[in-house]
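# Structure at a glance
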Amino acid sequence: AHTLTAPRYPVDVNGPDFLARVSQAGVVLAGGLHPAIKAEYFRIGHMGAHTAGDVLATLGAVETALAGCGYKFDPGTGVASAQAALS
């Protein structure tokens, strides 16, 4: 769907823990629905009006949650890439 992004969790990232951490960062995302793989991915809805700030807040919450789940990456990379693409 054009109004939905459904990324897979990185290996060893627990979905419920990740989603709880995203929520604590102030963003609402949803778990998967497809019965065969629902524990493997999450959903980001982007229908209706949204701003560059919404995109950056969502990416920041995803990065915060991944770091909190112990996933190793260079924090800020996703947000910086989005900022560059949006400017």
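Scope of this entry: the structure provided in the associated data block. (Residues numbered from 1 in each chain as written. Predicted model: local features only at pLDDT ≥ 70, side-chain atom pairs only at ≥ 80, totals over all residues. Heavy atoms only, no water.)

## Examining the pairing of strand S3 (residues 42-45)
Alternating positions in S3 separate cleanly, Phe42 and Ile44 being buried on one face and Arg43 and Gly45 remaining unburied on the opposite face. Relative to S3, strand S1 (residues 4-5) is paired through two bridges, and the arrangement is antiparallel. Bridged to threonine 5 within S3 is isoleucine 44. Two strands pair when backbone bridges link them, and strand S2 (residues 30-31) and S3 are joined in this way by two bridges, in the antiparallel orientation. (Buried < 20%, exposed > 50% of the residue type's maximum accessible area, 1.4 Å probe, protein only. Helix = DSSP H or I, 4+ residues; strand = E, 2+ residues; numbered from the N terminus. Pairing = 2+ DSSP bridges.)

## Structural notes on the sheet that holds S3
Judged by pairing direction, the sheet is antiparallel, and its three strands sit side by side in the order S1-S3-S2 without closing on themselves. At either margin of the open sheet sits one strand with a lone partner, and together these are S1 and S2.

## Details of the packing of helix H1 (residues 15-24) against helix H2 (residues 52-68)
Orientation of H1 relative to H2, taken along the N-to-C sense of each, is 130°, at an axis distance of 8 Å. If you check the angle between H1 and H2, you find them oblique. Relative to H2, the crossing made by H1 is right-handed. Residues Phe18, Arg21 and Val22 of H1 lie in contact with H2, whose contacting residues are Ala61, Val62, Ala65, Leu66 and Gly68. A class-by-class count of the residues in the contact of H1 with H2 yields six nonpolar, one polar and one charged. (Axes fitted to C-alpha atoms, helices over the stretch in contact; angles between N-to-C directions. Parallel < 35°, antiparallel > 145°, perpendicular 65-115°, else oblique. Left-handed = near helix turned anticlockwise from the far one by under 90°. Contact = heavy atoms within 4.5 Å. Nonpolar A, V, L, I, M, F, W, Y, C, P; charged D, E, K, R; others polar.)

## Focus: H1
Note: α-helices contain 3.6 residues per turn, so residues at a spacing of three or four share the same orientation. Here H1 has its buried residues at Gly15, Phe18, Leu19 and Val22. On an axial view of H1, the arc spanned by its buried residues comes to 95°, and they lie on one face. Facing away from the buried side of H1 by more than 90 degrees, the exposed set consists of Pro16 and Gln24. Regarding H1, its N-cap is asparagine 14, as a side-chain oxygen of that residue lies 2.8 Å from the backbone nitrogen of aspartate 17 further along. At the C-terminal side of H1, glycine 26 shows a positive phi close to 95°. (Arc of directions from axis to C-beta. Polar contact = N/O pair within 3.5 Å; in protein donor to acceptor, adjacent residues only side chain to side chain.)

## Examining the side chain of glutamate 63
For glutamate 63, the position within the fold is in helix H2. Buried charged residue glutamate 63 carries no salt bridge. Nearest counter-charge: arginine 21, at 14 Å. (Lys, Arg positive; Asp, Glu negative; His and termini not counted. Salt bridge = Lys/Arg side-chain N within 4 Å of Asp/Glu carboxyl O.)

## A word on the side chain of threonine 58
Mapped onto the fold, threonine 58 is located in helix H2. Take threonine 58: its relative accessible area is 17%, and that puts it in the buried class. Sequence-distant contacts of threonine 58, defined by excluding residues within four places in its chain, comprise Val27, Leu29 and Ile44.

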